[in-house]
Amino acid sequence: MIVFRGDELNELVKALVPALPSLHGLRDALAEFADSFSVVTNEVVKRKFGIDWAYDVRNEMFFKKLKEIITMAEDYIYRNVTVERGPLEIGWRWPKAVIRFKLGGKEVAHITVYWTGKELQAVFGGSRENAERLASIIRALGGEVEVKYGEGKGWVVELYTDGITAIRHNGWLNAVRSFVDELKDKGLISDERYKQLVKEIETGPNVAKFAGVEFSAHYTNRGIQVNYQPRSEASKDAALNALKARGLKEGIHFTVKEYGGYEIRVADEFYAKALEALAHSGLKEGEHYAVDGKRREIRVKAEQKDAAVNALKAAGLEEGKHFAAKWNGQYIIRITYDGLREIQRMALGGDVEAERFIRGLEDVLRRRYGDNAVKKLIEVLSPAREEGTLDLPLAVYDERGNVVARVVDLRYEFVKGKRKDKQPAGQPVSHCAGEDCRLRVVVEYELPSGERRQFKMEWYWKKQQKKEGQNNSHVLSRISAADDQRRRRSRRSEGADKKEGRKGTGMAPRRPARGPAPV
């Protein structure tokens, strides 16, 4: 085993930086293979054994080692890159500025940021080598980007507002913020849009993960939208299988839409034959397909792809040998409101990933869109949260069957903060964990006289030494009620809970009463 430390390791990683585009290409190719292989194994196992299971190549050691090497190179770039913004240029179609990336004082890549009047857009067009180098730097800084070929533009790297603000590197964010500030100073952007952009730059990405899929959350006049845009057909199929494996159903809990079409690339010597075959296939050029003579490429709409491929095969051309068809469009997987409610049910049933996803959605919506977006999310999730809860008011009877009170409100909340002198402290929060986290249940009831009262119960952590040198945490309950009779009744009703206790570092009710649910 050879071990590198200090300056030696730093120089080794530095030497890897120029190869980062190739490493990213290898990783992406292996990831696409892993997605395809996962789909195949899932179908085979499901057909034979009737269960959803798939082998994930990403668990192999070579894949993990490749990711470690890439992470080291990306970390070097993140720590050492400097980002510089050029002057604002106004005499063009859109205001723009060039942002340059430098390592060791030398420029290694650049990209031009525009303000289109509606959104930010960052674009680079040039050689494939330069585009892939730029893409690798953006990925090292935490961004997501693709390199595509554009007719008349060369190899293109393109980002829009969400992609631009997803790059969480101080140098980059400062450059973008200074660009937006200068737009404001020169009256090129409205106050409202300026404030929104600044907020997006400060708050960062709008992503929440479920079933291994990163969904973006948006709040518009059409409500809450939770989407995922896979880069390839294999990624799309892998995401669909992951969602189905979690029990979600296509068409009910999520939808899939396709936009765009396919590229069919034909070997030079068979290109004329391919065009002739399509001309006699019943497909119409300009309506069903388009031709790019320079690149020997035929662009076909998704719904005509099979017809075009069959026409080429009928003419004696072999797929994979004489031509290749590749998806060049866009997929959008959207979780429906019914899907969000189903995930909420999973969270209420103790599913940790589902709970984190719902909590992540609330966090994104609050940071990016404010309280109204969170209220809309709660409105969407409320039917699932209220299933199985008590119908209020609830009558309370004594031993003789007489109504002694009616419970008119029952809710719970999480409270974070240490207790002081046996008195509760802290403020209610949406979620918490640890020894300074407490669960508070508030019961409001009405006496026959019409007088309303309430009492509170709290579950909190208390360390109790059971064995020498060993500390265990138990959940105890505390009732905040002045009336001794109410105190005794409540103690009788929950005596079992106090005896049992509960171990752990976080707590959440298995099934909430009516009230705000944790997100």
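What you see is a predicted model; the values in this text were computed from it and never measured. (Residues numbered from 1 in each chain as written. Predicted model: local features only at pLDDT ≥ 70, side-chain atom pairs only at ≥ 80, totals over all residues. Heavy atoms only, no water.)

Trainee: Can you walk me through the sheet that holds strand E5 (residues 147-150) in this structure?
Mentor: Strand pairing in a sheet relies on backbone hydrogen bonds. The paired strands run either parallel or antiparallel. The six strands are arranged E1-E2-E3-E4-E6-E5 in an open sheet whose pairing can be described as antiparallel. Among the strands making up the open sheet, the edge pair consists of strand E1 (82-85) and E5. Taking each pair of neighbouring strands and ignoring which way they run, the sheet shows an average axis angle of 30°. Across six bridges, the pairing between strand E4 (residues 120-126) and strand E6 (residues 154-160) is antiparallel. In the strand pairing of E6, phenylalanine 124 is matched with valine 157. Packed onto the sheet, helix H6 (residues 170-185) meets E1, strand E2 (96-103), strand E3 (106-115) and E4 and runs at close to 15° relative to E1. (Pairing = 2+ DSSP bridges. Helix = DSSP H or I, 4+ residues; strand = E, 2+ residues; numbered from the N terminus. Axes fitted to C-alpha atoms, helices over the stretch in contact; angles between N-to-C directions. Contact = heavy atoms within 4.5 Å.)

Trainee: How should the pattern of salt bridges be read in this particular structure?
Mentor: Two side chains carrying opposite charge are able to pair once their charged atoms lie near each other. Per the counting criterion, the structure on display carries 33 salt bridges. Arginine 265 serves as the salt-bridge partner of glutamate 263, at 3.8 Å between the closest nitrogen and oxygen. A salt bridge links glutamate 362 to arginine 366, with the shortest nitrogen-to-oxygen separation between them at 2.9 Å. With glutamate 362 and arginine 366 both in helix H12 (residues 352-369) and four residues apart, the pair spans about one turn of that helix. A relative accessible area of 5% places glutamate 362 in the buried class. Taken together, the salt bridges that share partners define one network made up of Glu263, Arg265, Asp292, Glu297 and Arg299. (Salt bridge = Lys/Arg side-chain N within 4 Å of Asp/Glu carboxyl O. Buried < 20%, exposed > 50% of the residue type's maximum accessible area, 1.4 Å probe, protein only.)

Trainee: Looking at this structure, how should I read the environment of serine 449?
Mentor: Relative to the helices and strands, serine 449 is located in the loop between strand E19 (437-446) and strand E20 (452-467). Look at serine 449 and you get exposed, because its relative accessible area is 64%. In the structure, serine 449 is positioned 45 residues away from valine 404 in sequence and 9.8 Å away in space, judged by C-alpha atoms. Separated by 3.4 Å, the side chain of serine 449 and the backbone nitrogen of glutamate 451 make a polar contact. (Polar contact = N/O pair within 3.5 Å; in protein donor to acceptor, adjacent residues only side chain to side chain.)

Trainee: Whenever I open this one, the pairing of E5 confuses me. Can you help?
Mentor: Looking along a regular strand, one sees side chains alternate from face to face of the sheet. Bridging between E5 and E6 involves four bridges; their strand directions are antiparallel. By the bridge assignment for E6, valine 147 is matched with valine 157. Linking E5 back to E6 in an antiparallel pair, the connection comprises three residues, with glycine 152 at a positive phi of about 80°.

Trainee: What's the story with the packing of helix H2 (residues 20-49) against helix H8 (residues 233-245) in this structure? I'm lost.
Mentor: How two helices sit against one another is set out by the angle between their axes and by the gap between those axes. Here H2 crosses H8 at 45°, and the two axes come no closer than 8 Å. With respect to each other, H2 and H8 are oriented oblique. Read as a crossing pair, H2 and H8 show a hand that is left-handed. Residues Glu32, Asp35, Ser36, Val39, Asn42 and Glu43 of H2 touch H8, and the partners they reach there are Ala234, Ser235, Asp237, Ala238 and Asn241. Each residue belonging to the contact of H2 with H8 can be placed in one class, and the counts come to three nonpolar, four polar and four charged. (Parallel < 35°, antiparallel > 145°, perpendicular 65-115°, else oblique. Left-handed = near helix turned anticlockwise from the far one by under 90°. Nonpolar A, V, L, I, M, F, W, Y, C, P; charged D, E, K, R; others polar.)

Trainee: When you look at the sheet that holds strand E7 (residues 207-210) in this model, what are you seeing that I'm missing?
Mentor: The five strands lie next to each other as E7-E8-E9-E15-E10, forming an open sheet whose pairing is antiparallel. The two strands at the open ends of the sheet, each matched to only one other strand, are E7 and strand E10 (254-259). The mean inter-strand angle of the sheet, taken between neighbouring strand axes irrespective of direction, is 35°. Across four bridges, the pairing between E7 and strand E8 (residues 213-220) is antiparallel. Directly across from alanine 208, in E8, lies its bridge partner phenylalanine 215. Relative to the sheet, H12 contacts E7, E8, strand E9 (223-228) and strand E15 (330-335), its axis offset from that of E8 by approximately 40°.

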